[in-house]
Amino acid sequence: MKKYFSLQIKLSSRKFREIGIHPILAIILLISALIALSIYIFKKTEFAPYIIVLLTLSFTTKLAEIKRNEFLKTIFKSNQHIKIRIIENLILAFPFLIILLFYHSFLAVGLLLIISIGFAIQNIKTDYHFTIPTPYFKKPFEFTAGFRKTFYLIPLAYILTVISISVDNFNLGIFSFLLIFVIYFSYYFKPEEEYFVWTFNSNTKSFLFYKIKTALLHSSYFVVPILLTLSYFYFSEIWNILLFLIIGYSFLIFFIVAKYSTYPDEIGVVQGIILALSIFFPPILLVIIPMLFSQSQKRLNYLLQ
Amino acid sequence: MIKIKNLTKKYGNKTVLNNINLEFEKGKVYGIVGENGAGKTTLFRCISGLEKFEGEILSDFKPLKNYIGLLLTNPYFFSRITGREYLQLLCNARQVEIQDFEKQNIFDLPLNQYASTYSTGMKKKLAIMAILLQKNQIFILDEPYNGVDIQSNLIITELILELKKLNKIIIISSHIFSTLNETCDKIHLLKKGELIKTVEKENFQDLEEEMKRKSIGNKVKEMQLK
């Protein structure tokens, strides 16, 4: 069991080094980001503990994936396998538990502990034969596959919008609005196989424009209803809402060009730093997007003449 | 026509393909054979533009890659993409409009099921169907018969012969010699990255005998199995 965890540490370190960041620095950055995010969420909404629980849940489900667990079961004895799974989940939940304890959210702490242990015993099948319907079937793949992976988060964003109106909390409404965008950003984190770029009979410029156009159109399916709802109930804030809409779309474009600017490699530290800068000062995107667009063209040139 | 002139491919210091010269004409089927690691897949990737190389590839089709339907040995499928969506994606990429995929579903694939859950053979059939629907002019098929059932094997052979009639260029690699015998006009033999022989249809039988002799030899007997 000890060897299993030291192997996991080795694997994680390797992954961080591959993207060009020292593992210790990566952990410090992750913890800092987590603390900053928690402070922000707790400042903005009273539902923060539940958002934290859901956030942890989304990480824990990845470890509970059935194929991964079947593999673990084949190499470890059953009691050892469950022990490993409980420890894994608790390690993952640990920073979130500390945050919840810090904010005296004891109910959420209990809930998180139950979930962490429960998910260690219960495996989750993520590769269903049942096909989840999607509104994006005409233009696969980012939105089609992405929607099926994250569909449960969309109703959550809508619920938050409803709550924001019922408790008259505009900030929570904007949070739900941005949550939808964050879901969409996640569709562009990983580069696709070269074959799926190569097969396009377009040049780099039209390929990138096609990707951006599709993303803007498809993201609007779930963004527009929230936009209209917030505009109706907070009409006096219409300019702020529109500003956040522009910011959301701009970051969506950012993620597309960032992904292809490092293609076929994954998004690296440099893009992460640029992203952090852009979050603090979004107008910088006006310079960064064209810059990354041009870099993307260079990176895609060998596949799309 | 495709003309390959002095193609050399190196990975670092290792030469994977050395000074390859080949010509592929319309309406003909070409077989590329050789043992594992001979450079067949690398050659296909170079022709398709997936790899950089030294030398030249000349063609009437410009840019060449836009006319190629490439079947990889192990086609990749995104998780949570149905067979139908995979076909749609590849058709969109080449601006081909197809309304009814069901009509074209000659392999009777469950198109509404996630492609990642398909068996090896089904995945291969889906990938073949996709490049056929793209209406390509050149077909590069890397191990098209691998993992495919006998009925589909017959369909694939029939498809290749039909594509030949339609004046397409077809390049196949396969370890199943009988299928090459049925479909190919010419077979090129690769060994350790070098083109060592080109065989015309009338001499396929001799090539098969020679390959058997050379690859098996006394190796099995030497193991002294008991």
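Residues numbered from 1 in each chain as written. Chains lettered and ligands numbered in written order. Predicted model: local features only at pLDDT ≥ 70, side-chain atom pairs only at ≥ 80, totals over all residues.

### Looking at the overall build of chain A
- If you tally the helices and strands in chain A, you get 14 helices and zero strands.
- Written out in order from the N terminus, the α and β elements of chain A read α-α-α-α-α-α-α-α-α-α-α-α-α-α.
- Over its C-alpha atoms chain A spans a radius of gyration of 21 Å, differing by no more than 12% from the 19 Å that the globule rule assigns to 305 residues.
- Projected onto the principal axes, the alpha-carbon positions of chain A cover approximately 55 × 50 × 40 Å.
- Taken across its 305 residues, chain A has 30% of its residues classed as buried.
- At a minimum sequence separation of 6, the contacts of chain A that also span at least 24 residues come to 72%. (Helix = DSSP H or I, 4+ residues; strand = E, 2+ residues; numbered from the N terminus. Rg over C-alpha atoms; globule rule 2.2 N^0.38 Å. Buried ≥ 20, exposed ≤ 12 C-beta atoms within 10 Å, placed from the backbone. Contact = placed C-beta atoms within 7 Å.)

### With respect to the overall build of chain B
- For chain B, the helix and strand inventory stands at seven helices and nine strands.
- Taken along its principal axes, the extent of the C-alpha atoms in chain B is 55 × 50 × 40 Å.
- The 226 residues of chain B split such that 41% are buried.
- Nonlocal contacts in chain B, meaning residues at least 24 apart in sequence, comprise 69% of its contacts between residues at least 6 apart.

### So, the packing of helix α8 (residues 153-166) of chain A against helix α9 (residues 170-185) of chain A
All names here are of chain A.
- In the contact formed by α8 and α9, the axes pass within 7 Å of each other and the chain directions differ by 165°. When the axis of α8 is compared with that of α9, the two are roughly antiparallel. Between α8 and α9 lies a crossing of left-handed hand. Here Leu153, Ile154, Ala157, Leu160, Thr161, Ile163, Ser164 and Ile165 of α8 come into contact with α9, specifically with Phe170, Leu172, Gly173, Phe175, Ser176, Leu179, Ile180 and Ile183.
- Looking at side-chain class alone, the contact of α8 with α9 contains twelve nonpolar, four polar and no charged residues. (Axes fitted to C-alpha atoms, helices over the stretch in contact; angles between N-to-C directions. Parallel < 35°, antiparallel > 145°, perpendicular 65-115°, else oblique. Left-handed = near helix turned anticlockwise from the far one by under 90°. Nonpolar A, V, L, I, M, F, W, Y, C, P; charged D, E, K, R; others polar.)

### A closer look at the sheet that holds strand β2 (residues 14-24) of chain B
Residue and element names in this part refer to chain B.
- Pairing in this open sheet of three strands is antiparallel, and the strands run β2-β1-β4 from one edge to the other. The open sheet has two edge strands with one neighbour each: β2 and β4 (54-59). Going across the sheet, the axis of each strand differs from the next one's by a mean of 15°, ignoring polarity.
- In the packing of helix α1 (residues 40-48) onto the sheet, contacts are made with β1 (2-11), β2 and β4, and the angle to β2 comes to roughly 65°. (Pairing = 2+ DSSP bridges.)

### With respect to helix α6 (residues 204-216) of chain B
Residue and element names in this part refer to chain B.
- Under the 1.5 Å per step criterion, the end-to-end length of α6 is 18 Å for 13 residues, consistent within 8% with the ideal 18 Å.
- Where burial is concerned, little of α6 is hidden: one out of the 13 residues are buried.
- Remark: glycine 217 follows α6 within two positions and exhibits a positive phi of approximately 50°. (Expected span 1.5 Å × (residues − 1).)

### Section: the nonpolar core
- If you look at the biggest cluster of nonpolar residues, it comprises 106 residues, and the most contacted ones within it are Leu252 and Val257 of chain A together with Leu126, Ile140 and Ile170 of chain B.
- The element best represented in this core is helix α12 (residues 238-261) of chain A, accounting for eleven residues.
- Leucine 126 of chain B has contacts with Gly83, Tyr86, Leu109, Ala115 and Tyr118 of chain B, leaving out every residue within four places of it along the chain.
- Core analysis: the next-biggest nonpolar cluster, separate from the first, contains ten residues, Ala48, Ile51, Phe96 and Ile99 of chain A among them. (Core = buried A, V, L, I, M, F, W, Y, C linked by C-beta atoms within 7 Å.)

### Structural notes on the interface of chain B and chain A
- Taken residue by residue, the interface counts 26 residues in chain B and 21 residues in chain A.
- If you tally residues by element for the side of chain B that touches chain A, the top one is helix α2 (residues 83-93) of chain B, at six residues.
- Across the side of chain B that touches chain A, the residue classes tally to ten nonpolar, eleven polar and five charged.

### Examining the pairing of strand β9 (residues 194-200) of chain B
Residue and element names in this part refer to chain B.
- With six bridges connecting them, strand β8 (residues 186-191) and β9 associate as antiparallel partners. In the strand pairing of β9, lysine 186 is matched with glutamate 200.
- Counting the residues between successive antiparallel strands, the hairpin from β8 to β9 contains two residues, one of them, lysine 192, with a positive phi of roughly 45°.

### With respect to the packing of α9 of chain A against α12 of chain A
Residue and element names in this part refer to chain A.
- Direction vectors running N to C along α9 and α12 enclose 15°, while the axes themselves pass 10 Å from each other. When the axes of α9 and α12 are compared, the pair comes out roughly parallel. For the pair α9 and α12, the crossing hand works out as right-handed. Between α9, through Ile174, Phe177, Leu178, Phe181, Tyr184 and Phe185, and α12, the contact on the second element is made entirely by Phe244, Gly248, Phe251, Leu252 and Phe255.

### Focus: the domain arrangement of chain A
Residues and elements named next belong to chain A.
- Domain annotation for chain A reports domain 1 (2-121) and domain 2 (142-300).
- A straight line from the C-alpha centre of domain 1 to that of domain 2 covers 25 Å.
- At the interface, seven residues of domain 1 touch nine residues of domain 2.
- When the residues that make up the side of domain 1 that touches domain 2 are grouped by side-chain class, the tally is four nonpolar, two polar and one charged. (Domains from an automatic or database assignment.)

### A short note on the sheet that holds strand β3 (residues 28-33) of chain B
Residues and elements named next belong to chain B.
- Taken together, six strands build an open sheet; the order of strands is β5-β6-β7-β3-β8-β9 and the sheet is mixed. At either end of the open sheet lies a strand with only one pairing partner, and these are β5 (68-71) and β9. When the angles between neighbouring strand axes are averaged without regard to direction, this sheet yields 15°.
- Of the strand pairs in this sheet, β3 and strand β7 (residues 169-173) are connected by five bridges, and their pairing is parallel.

### Considerations on the environment of arginine 148 of chain A
- Structurally, the position occupied by arginine 148 of chain A is in helix α7 (residues 142-150).
- According to the C-beta neighbour criterion, arginine 148 of chain A is buried, with 21 such atoms within 10 Å.
- For the pair arginine 148 of chain A and proline 133 of chain A, spaced 15 residues apart in sequence, the C-alpha separation works out to 8.0 Å.
- Filtering out sequence-adjacent residues up to four positions away, arginine 148 of chain A remains in contact with Ile132 and Thr134 of chain A together with Arg80 of chain B.

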